[in-house]
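Structural overview
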Amino acid sequence: MRIVITGASGQLGRHVVEALLEHNFPASSIVATGRSVDKLADFAARGVQVKTMDYTNPASVAAAFQGADKVLLISGSEVGQRVEQHRNVIEAAKAEGMKLVVYTSIANVDTTGMKLAAEHHATETLLQDSGVPFALLRNGWYLENYTEQLPGTLAQGTLVGSAGDGRVSAASRADYAQAAAAVLTTDGQGGKVYELGGDHAFTMVELAAEISAATGEPVTYQDMPAADYARVLAGAGVPEAFADILADSDLGIARGDLLVPGGELQKLIGRPTTTLAQAVRSALAAI
Ligand SMILES: NC(=O)c1ccc[n+]([C@@H]2O[C@H](COP(=O)([O-])OP(=O)(O)OC[C@H]3O[C@@H](n4cnc5c(N)ncnc54)[C@H](OP(=O)(O)O)[C@@H]3O)[C@@H](O)[C@H]2O)c1
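Criteria and thresholds
Residues numbered from 1 in each chain as written. Predicted model: local features only at pLDDT ≥ 70, side-chain atom pairs only at ≥ 80, totals over all residues. Heavy atoms only, no water. Axes fitted to C-alpha atoms, helices over the stretch in contact; angles between N-to-C directions. Helix = DSSP H or I, 4+ residues; strand = E, 2+ residues; numbered from the N terminus. Parallel < 35°, antiparallel > 145°, perpendicular 65-115°, else oblique. Left-handed = near helix turned anticlockwise from the far one by under 90°. Contact = heavy atoms within 4.5 Å. Nonpolar A, V, L, I, M, F, W, Y, C, P; charged D, E, K, R; others polar. Near = heavy atom within 4 Å. Polar contact = N/O pair within 3.5 Å; in protein donor to acceptor, adjacent residues only side chain to side chain. Phe/Tyr/Trp six-rings, centres within 6.5 Å; stacked < 30°, edge-to-face > 60°. Buried < 20%, exposed > 50% of the residue type's maximum accessible area, 1.4 Å probe, protein only. Pairing = 2+ DSSP bridges.

Per an unreviewed UniProt entry, the chain goes by SDR family oxidoreductase and derives from Arthrobacter cryoconiti.

So, in structure tokens, the structure goes:
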């Protein structure tokens, strides 16, 4: 059984490779791919096969897929270009006769109004039309979307956004990665759809309170119209088009688009998901 991990040079992909190794999946049966194999040198040193793959270069995808049985397609990071990129990967998986394509989609893709979901929806349609056996990991938000902002949040004493009093079922990248590893290494996954998120959803006010509790510093949540939030993000250096998408995602949170009931992530990983308190405290310890 040979499993290809795309995006293995990224943060989620690295966790997936680690999770497979922790579960004693043979290193030599993992193919870790990314646009630069330099970023994968540590995995190569541990016996993992590493190969260059650029979603925009079908020949590189076909070469990385040679002899492989399953692939985890981690959605690309170039918003706006991802449908064609993912199409190349799905077509190569079909040509290789893969037994399973596992795709990292977005939570509630069937019902969400979030702009960010459009490419995931289109990719799921490509998979359905391809005839390739596939499983969907409809991942919710990462806890790290918030914890990576902690230095700035603490400096301002304010958390800003447009999520209102919406609840978000965020989970850590490591938790989503362990779920991916479980799906990749378990039989009978063709056709499975997992809606994944953390066990305990929280509001931005609760997030601010958690940061205050962990630091002893007052932190409040300031809600604002999405256009204003997009301007704040752009002012902080986020490219304008992406700032709009992030602000729009906050409106999605306000509507409940990233609220995931059901505990499916907990079931896949066999333990409770990482809590907000744990994530905040471990991120603070790393600052
Ligand atoms: N659920 C959430 O909250 C959330 C948040 C952010 C992103 N996401 C989605 O989840 C994905 C994984 O998250 P992450 O945190 O691991 O992101 P990340 O650290 O930015 O990693 C993205 C990975 O995708 C690879 N990639 C991008 N474009 C590619 C291309 N054209 N060809 C081949 N590989 C390409 C990158 O390779 P390089 O190393 O070569 O750049 C990298 O390995 C993201 O790409 C995005 O689609 C989800």
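**Some details on the packing of helix α10 (residues 226–235) against helix α11 (residues 240–255)**
At a minimum axis distance of 8 Å, the contact between α10 and α11 shows a crossing angle of 135°. Classified by the angle their axes make, α10 and α11 are oblique. Like other packed secondary-structure pairs, α10 and α11 cross with a definite hand, here right-handed. For the pair α10 and α11, the contacting residues are Ala226, Tyr229, Ala230, Leu233 and Ala234 in the first and Glu240, Ala243, Asp244, Leu246, Ala247, Asp250 and Leu251 in the second. Of the residues contributing to the contact of α10 with α11, the split by class is 9 nonpolar, no polar and 3 charged.

**Overview of the packing of helix α4 (residues 82–96) against helix α5 (residues 117–130)**
For any two helices packed against each other, one specifies the inter-axial angle together with the distance between the axes. Running from N to C, α4 and α5 point in directions that differ by 20°, and their axes come no closer than 10 Å. With respect to their mutual orientation, α4 and α5 come out roughly parallel. Like other packed secondary-structure pairs, α4 and α5 cross with a definite hand, here right-handed. Listed contacts from α5 to Arg82, Val83, His86, Arg87, Ile90 and Lys94 of α4 are Glu119, His120, Ala122, Thr123, Leu126, Leu127 and Ser130. Here the contact of α4 with α5 is composed, by residue class, of 5 nonpolar, 4 polar and 4 charged.

**Digging into the site of the ligand**
The environment of the ligand is made up of 22 residues, and the closest members are Ser9, Leu12, Lys39, Ser75 and Gly76. Taking glycine 10, its main chain carries an N or O atom lying 2.8 Å from an oxygen atom of the ligand. Separating an oxygen atom of the ligand from a backbone N or O atom of tyrosine 142 is a distance of 2.9 Å. Elements supplying a minimum of two residues to the shell around the ligand: α1 (11–22) and α4. Tallied by class, the residues present in the shell around the ligand amount to 6 nonpolar, 10 polar and 6 charged.

**A word on the packing of aromatic side chains**
Taken as a whole, this structure holds 2 aromatic pairs when the rule is applied. Judged by centre distance (5.9 Å) and plane angle (50°), the ring pair of tyrosine 142 and tyrosine 176 falls under tilted. Of this pair, tyrosine 142 sits in the loop between β6 (134–139) and α6 (144–147) while tyrosine 176 sits in helix α8 (residues 173–184), and the two are 34 residues apart along the sequence. Between tyrosine 146 and phenylalanine 202, the ring centres sit 5.9 Å apart and the planes meet at 75°, which makes this aromatic pair edge-to-face. Linking tyrosine 146 in helix α6 with phenylalanine 202 in the loop between β8 (193–196) and α9 (204–215), this pair joins segments that are 56 residues apart in sequence. Here the two residues tyrosine 146 and phenylalanine 202 agree in accessibility, since each one is buried.

**A closer look at the environment of alanine 170**
Position of alanine 170 relative to the elements: it lies in the loop between β7 (158–161) and α8. Among the residues examined, alanine 170 registers a relative accessible area of 2% and is labelled buried. Separated by 80 residues in the primary sequence, alanine 170 and aspartate 250 place their C-alpha atoms 13 Å from one another. If near-sequence neighbours (up to four positions away) are discounted, alanine 170 is found in contact with Trp141, Tyr142, Leu143, Tyr176, Gly198 and Phe202.

**Focus: the sheet that holds β6**
As summarised here, the arrangement of the 7 strands in space is β3-β2-β1-β4-β5-β6-β8, forming an open sheet in which the pairing is parallel. Two strands lie at the open edges of the sheet, namely β3 (49–52) and β8, each paired on one side alone. When the angles between neighbouring strand axes are averaged without regard to direction, this sheet yields 20°. Sheet analysis places β6 next to β8, joined by 4 bridges and oriented parallel.

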